[in-house]
Amino acid sequence: MTRDSSASPLIIGGAASSPRAPLPTLPPLALYIHIPWCVRKCPYCDFNSHTASPVLPEQEYVDAMLADLDQDLHAVYGRELSSIFFGGGTPSLFSAEALGRLLEGVKQRIPFADDIEITLEANPGTFEQEKFVAYRKLGINRLSIGIQSFQQEKLKALGRIHNGDEAVRAAGMARQAGFDNFNLDLMHGLPDQSLDDALSDLRQAIELKPTHISWYQLTLEPNTVFWNQPPVLPEDDTLWDIQEAGQALLAEHGYAQYEVSAYAQPGRPARHNLNYWSFGDFIGIGAGAHGKLSHPDGRIVRTWKTRLPKDYLNPAKSFQAGEKALTNDEMPFEFLMNALRLTAGVESRLYPERTGLPLESLDEHRREAEQSGLLQVEPSRLAATERGQLFLNDLLQKFLS
């Protein structure tokens, strides 16, 4: 999985309760498809990914995902899909035949919007020209390529299976296969990385002319090899220099930052992820996938699926591992932890439209955040200041009881 795809949502208590109205309109609907296998597990990765066996259970897994989707259909009747995202793991390990059968099955169940965005995550070590031409013919129209670095010593430290030359070739092969819209996923703050190292990676990525770059700092996450055996990471001063210089370089080449770690050419932000960050709806199918669905009566329910592939494929076990209806108290934090990731924030009207709660229910916490210099004083928008973007956790804490 790359950072071009959504992390699992945090569910936590929040501000004072207010009456919730039925939703006047339902938000856009997306579909997240999780394929959990990788060639090998990277030492920094905390996503639900598992080392692949020599032969993947493609047919059985596609059958299971369609059956999983069938159980969610009652909640989305009459709606259409605006985007689909294949995340993982490494979805490009699956054949075009398997993904084609899955897409056809999804389309038979839920209509596709005419301009639907369909993104597939891929790693350079799994690129084959014919395979990606076939993906494009299926209607997959966007790729997210997990590069992380172009430098061999950094790739080795990260446990990646590709080298820098393969990363460069992958971008060329994507374009030759007909993908004129693709993301490169790149990390900074890597073990022993200097400012020059980080900018060299970024310049190489820009030279490949992707429409989108996800550029984010390596963090040490619990339940990973790096958490238990931490590598030597750059000092805070170096990390700050990398961040500032990298953002300036991206802006110089026409990549506008529109989210904490997302930069895009004009008109090319990731529509699927914009839906997450604007509190849109999404179905999640596949092992460990999360979903969030709004209902006309005002209920908003988050779901999560059985995590282990062997359990997900076991007919005796349920696809769904759990669900939670969001309370009024949880709604401010749930909405704002997504919306405030966007550098421009969102229009204030979106809060009552997507939550069913009056905008005035935010007033007390909103004033406190504005007085702290973390939230813009702008009645028509909910947006962090530059300082608020740097201290986003502190800003979000203002909306917790």
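Below is a short write-up of the structure. Given the structure is predicted, the values throughout are model-derived calculations rather than measurements.

What counts and what doesn't
Residues numbered from 1 in each chain as written. Predicted model: local features only at pLDDT ≥ 70, side-chain atom pairs only at ≥ 80, totals over all residues. Heavy atoms only, no water. Helix = DSSP H or I, 4+ residues; strand = E, 2+ residues; numbered from the N terminus. Rg over C-alpha atoms; globule rule 2.2 N^0.38 Å. Buried < 20%, exposed > 50% of the residue type's maximum accessible area, 1.4 Å probe, protein only. Contact = heavy atoms within 4.5 Å. Areas by Shrake-Rupley, 256 points an atom, 1.4 Å probe, with all protein chains shown as cover. Lys, Arg positive; Asp, Glu negative; His and termini not counted. Charge placed at Lys NZ, Arg CZ, Asp CG, Glu CD. Pairing = 2+ DSSP bridges. Patch = residues over 30% accessible without salt bridge, like charges linked within 9 Å, V, L, I, M, F, W, Y side chains within 5 Å. Salt bridge = Lys/Arg side-chain N within 4 Å of Asp/Glu carboxyl O. Arc of directions from axis to C-beta. Expected span 1.5 Å × (residues − 1). Phe/Tyr/Trp six-rings, centres within 6.5 Å; stacked < 30°, edge-to-face > 60°. Lys NZ or Arg CZ within 6 Å of the ring centre and 35° of its normal.

1. Some words on the overall build of the protein chain
Working step 1: Helices and strands together make up the secondary structure of the protein chain, namely 15 helices and 16 strands.
Working step 2: Scaling as 2.2 N^0.38, a compact globule of 401 residues should have a C-alpha radius of gyration of about 21 Å, and the protein chain matches this with 21 Å.
Working step 3: With the C-alpha coordinates of the protein chain rotated into their principal frame, the extents come out at 55 × 50 × 40 Å.
Working step 4: Burial analysis of the protein chain (401 residues in total) assigns 55% to the buried set.
Working step 5: Taking the intrachain contacts of the protein chain between residues at least 6 apart in sequence as the baseline, contacts between residues at least 24 apart amount to 73%.
Working step 6: With an accessible surface of roughly 17,200 Å², the protein chain has 50% of that area assigned to carbon and sulfur atoms.
Working step 7: A gap of 4 Å separates the mean positions of the 37 positive and 52 negative side-chain charges of the protein chain.

2. Examining the environment of Phe 86
Working step 1: Note on placement: Phe 86 falls in strand β4 (residues 81-88).
Working step 2: Along the sequence, Phe 86 and Leu 342 sit 256 residues apart, while their C-alpha atoms lie 22 Å from each other.
Working step 3: Setting aside anything within four residues of it in sequence, one finds Phe 86 in contact with Ile 33, Ile 35, Pro 91, Leu 99, Leu 102, Leu 103, Ile 118, Thr 119, Leu 120, Glu 121 and Ile 140.

3. With respect to the pairing of strand β6 (residues 142-148)
Working step 1: Burial within β6 is extensive, with seven of its seven residues counted as buried.
Working step 2: Where burial is concerned, the two faces of β6 agree: the one with Arg 142, Ser 144, Gly 146 and Gln 148 and the one with Leu 143, Ile 145 and Ile 147 are both buried.
Working step 3: Strand direction decides the pairing type here: strand β5 (residues 112-122) and β6, joined by four bridges, are parallel. In the strand pairing of β6, Thr 119 is matched with Arg 142.

4. Focus on a nonpolar patch on the surface
Working step 1: There is a patch of nonpolar side chains on the surface, built from Trp 240, Leu 390 and Phe 391 and spanning about 320 Å² of accessible area.
Working step 2: If you trace the backbone, Trp 240 turns up in helix α8 (residues 236-252).
Working step 3: Under the relative-accessibility criterion, Trp 240 is labelled partly exposed at 42%.

5. Thoughts on helix α13 (residues 363-371)
Working step 1: Residues His 365, Arg 366 and Ala 369 constitute the buried set of α13. Along α13, the residues classed as buried sweep out an arc of 100° about the axis, all on the same side. Turned more than 90 degrees off the buried face of α13, the exposed positions are Glu 364 and Gln 371.
Working step 2: Looking at the packing, one finds that the buried side of α13 touches β16 (381-382) and α15 (392-397).
Working step 3: Looking one or two residues beyond α13, the residue adopting positive phi is Gly 373, at roughly 75°.

6. Re helix α1 (residues 58-72)
Working step 1: Relative to the 21 Å expected for 15 residues at 1.5 Å per residue, α1 spans 21 Å between its end C-alpha atoms, a close match to the ideal helical length.
Working step 2: Those residues of α1 not exposed but buried are Glu 58, Tyr 61, Val 62, Ala 64, Met 65, Leu 66, Asp 68, Leu 69 and Asp 72.

7. Regarding unusual backbone geometry
Working step 1: The omega angle of the peptide bond from Gly 88 to Gly 89 is 20°, so this bond is cis rather than trans.
Working step 2: Position of Gly 89 relative to the elements: it lies in the loop between β4 and α2 (96-109).
Working step 3: Despite not being glycine, Lys 209 shows a phi value in the positive range, around 55°.
Working step 4: Tracing the chain through its elements places Lys 209 in the loop between α6 (195-207) and β8 (212-217).
Working step 5: What makes Lys 209 exposed here is its relative accessible area of 57%.

8. Side note on the packing of aromatic side chains
Working step 1: Under the definition given, this model contains twelve aromatic pairs.
Working step 2: Ring geometry for Tyr 312 versus Phe 319: centroids 5.0 Å apart, planes at 55°, classification tilted.
Working step 3: Residue Tyr 312 is classed as buried on the basis of its relative accessible area of 1%.
Working step 4: Taking the relative accessible area as the measure of exposure, Phe 319 reaches 13% and is therefore buried.
Working step 5: Aromatic pair Phe 335 and Tyr 351: ring centres 5.1 Å apart, planes at 85°, arrangement edge-to-face. On the criterion of sequence distance, the pair formed by Phe 335 in helix α11 (residues 331-339) and Tyr 351 in helix α12 (residues 350-355) is long-range, its members being 16 residues apart.
Working step 6: Using a relative accessible area of 0% as the deciding quantity, one classes Phe 335 as buried.
Working step 7: Here a set of aromatic residues connected by ring pairs shows up, and it is made of Trp 37, Tyr 61, Phe 94, Tyr 312 and Phe 319.
Working step 8: The ring of Phe 179 is capped by Arg 136, whose NZ or CZ atom sits 5.8 Å from the centre of that ring.
Working step 9: Stacked on the ring of Phe 279, the Lys or Arg Lys 292 has its end atom at 3.9 Å from the ring centre.

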